[in-house]
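One letter stands for each residue in the lines below.
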Amino acid sequence: MAACAAGPVAGYCVVELDRAAGRRPVDPPAAGPSPPAGADYRQQISCPALSNPQRSRPRGWAGHCSMAGMVMQLEWRPYRFALQPPMVTACGPWSERCGWLLRLQDLQSGRLSWGEAAPMAHEHALCAASISALPTELSAGDLNDLLSALPGPVAFAIGLALAELEGLQGDGWLPAPASALLLPAGDVAITALEQALSRPGNTSAFVAKWKVGVLECDRELQVLEQLLEQLPVGAKLRLDANGGWDRATAGRWAMRLEQEAKLHWLEQPLPPRAHAGLLALARRLPVALDESLRDGAGVPSDWPGWRAHKPALEGDPRPLLQQLEIGAPRRMVSTALETGIGGRAIAHLAALVSRGPTPCAAGMAPGWGASGDLASHDPQLVWEAASQ
């Protein structure tokens, strides 16, 4: 889930805040933790609304042109919840999720829409500074112009809210399709898989995902054998290294797995910039890219394998939505452990994958993430829960 390396995000907008109005900006160096629950961001700007005609704005969505001049009011609210138990990855333990909810209102019609910025830890300060710098009111066209200059999670929040106003969810948000089971890292995965397989309904269509790169390599390979032995014929296992392996380690795993029928794929086995190594592995066995989709090095050219999208970290979700609606192949959609506001959009995108040419189990991480009203798909309930 967590990227091991923080990629730079350049060019986000910074403007002077009107401190006399009683609103406080975020000090970027001290912005790691979220502000206290209920402390909404309603900052005022002392300069005109921002726009830049040279920045590309999304095209091709229904309602884009008619919305461009509409004035939108942005209201942000921070949230925080504990991950119990903490999620352990090749990048270390992850015990807390924090971010911001966005309530966007079209001031002309009064319509509300919702978004969520759920950054990973290394982007939290940058997202806090960007949110503080945004005006309280801005036209939809100017918001679209700003998206490419904002950190991915903030651009996702705004793009998602605009998409809802544009009606891109169609007749309603689609429910999440069947998801892969996310196993805990380490030896405890053996017991967790055994318990999951004992439940009714978990048969040959079962897909599990296991985080690797946490234990010493020899020990993890021993655990792998036990997991594969437990899986029934037809079930699949995804192995996610979060970019934490070197080529020698990845080669050892590939040697064991290249003829393994129960392997679904290796997910981001090498760092995003290791293009040659990733392509070499993809010629031997199925490989899915995750962190590479958000890294400045990009995806290797002519990439033949899967793409494991975490839309909440990738920016404006409308381009991915458009790709999935026209049937882009070899895509998988995964949660970044958002609240229910981001979660309903992730479920919708995952459902589109299930209707496409290469359907596969989504990465919704059942049993992990938010709970209670924070997990609700009713955005007002999530909004209210974040203030408690």
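Model, not experiment: these values are computed from the prediction. Residue positions are counted from 1 within each chain, in the order its sequence is given. A pLDDT threshold of at least 70 governs which residues receive local features in this predicted model, and a stricter bar of 80 or more applies before side-chain atom pairs are shown or counted, although totals over entire chains, interfaces and linings include all residues. Note that water and hydrogens are dropped before the side-chain values are worked out from all heavy atoms of the structure.

(A) Region of the structure containing the packing of helix α5 (residues 188–197) against helix α6 (residues 217–230). α6 packs onto α5 with a crossing angle of 5 degrees between their chain directions and a minimal axis gap of 10 Å. By the angle class used here, α5 and α6 are roughly parallel. Counting all contacts with α5, which are made through Ala189, Ile190, Leu193, Glu194 and Leu197, the residues of α6 involved are Val223, Gln226, Leu227 and Gln230. When its residues are assigned to classes, the contact of α5 with α6 shows six nonpolar, two polar and one charged. Note on geometry: axes are C-alpha line fits, over the in-contact stretch for helices, and angles between N-to-C directions span 0 to 180 degrees. Starting at the N terminus, helices and strands are each numbered in turn, a helix being any DSSP run of H or I of at least four residues and a strand any DSSP run of E of at least two. For classification, angles of less than 35 degrees are called roughly parallel, those exceeding 145 degrees roughly antiparallel, those between 65 and 115 degrees roughly perpendicular, and all remaining angles oblique. Contacts between residues were defined by any pair of non-hydrogen atoms, one from each residue, lying within 4.5 Å. The nonpolar class holds Ala, Val, Leu, Ile, Met, Phe, Trp, Tyr, Cys and Pro. Asp, Glu, Lys and Arg form the charged class, and all remaining residues, Gly among them, are polar.

(B) Seen up close, the side chain of Thr339. Inspection of the secondary structure assignment puts Thr339 in the loop between β11 (331–333) and α11 (340–354). A polar side-chain atom of Thr339 sits 2.6 Å from a polar atom in the side chain of Glu116. Setting aside residues no more than four positions away along its own chain, Thr339 makes contact with Tyr79, Phe81, Leu101, Glu116, Ala370, Leu374 and Val382. Side-chain atoms alone can form a polar contact between residues adjacent in sequence; in general such a contact is a pair of N or O atoms within 3.5 Å, and within protein one must be able to donate a hydrogen while the other accepts it.

(C) Representation of unusual backbone geometry within the structure. Note that the residue after Gln84, namely Pro85, is joined by a cis bond; omega there is -5 degrees. Relative to the helices and strands, Pro85 resides in strand β1 (residues 71–89). Backbone geometry places Asp302, a non-glycine residue, at a positive phi of 60 degrees. Among the secondary structure elements, Asp302 is positioned in the loop between β9 (287–289) and β10 (306–309). Only protein chains enter the accessibility calculation, which uses a 1.4 Å probe; a residue whose area is less than 20% of its type maximum is buried, one above 50% is exposed, and one in between is partly exposed. For Asp302, a relative accessible area of 74% corresponds to the exposed category. A positive phi angle, close to 50 degrees, is found at Arg330, a residue other than glycine. Within the secondary structure, Arg330 is located in the loop between α10 (318–325) and β11. Using a relative accessible area of 34% as the deciding quantity, one classes Arg330 as partly exposed.

(D) How the structure looks around the pattern of salt bridges. Whenever a carboxyl oxygen of Asp or Glu lies within 4 Å of a side-chain nitrogen of Lys or Arg, that contact is scored as a salt bridge. What the rule picks out here adds up to 16 salt bridges. Among the salt bridges present, the one from Lys209 reaches Glu267, with a minimum N-O distance of 3.2 Å. Placement of Lys209 in strand β6 (residues 207–211) and of Glu267 in strand β8 (residues 263–267) is noted, with a sequence separation of 58 residues between them. For the residue pair Lys209 and Glu267, the accessibility class agrees, reading buried in each case. Among the ionic pairs, Asp240 bridges to Lys211, the shortest N-O distance being 2.9 Å. Of this pair, Asp240 sits in strand β7 (residues 236–240) while Lys211 sits in strand β6, and the two are 29 residues apart along the sequence. Residue Lys211 is classed as buried on the basis of its relative accessible area of 1%. Residues participating in the shared-partner salt-bridge network are Lys209, Lys211, Asp240 and Glu267.

(E) Seen up close, the pairing of strand β3 (residues 112–117). Taken across its six residues, β3 has five buried, putting it largely inside the fold. Taken together, the six bridges between strand β2 (residues 92–106) and β3 define a ladder with antiparallel strand orientation. Within the sheet, the bridge partner assigned to Leu102 lies in β3 and is Gly115. Strands were regarded as paired on the criterion that DSSP finds at least two bridges between them. Taking the residues between adjacent antiparallel strands as the criterion, β2 and β3 are bridged by five residues, where Gly110 takes a positive phi near 80 degrees.

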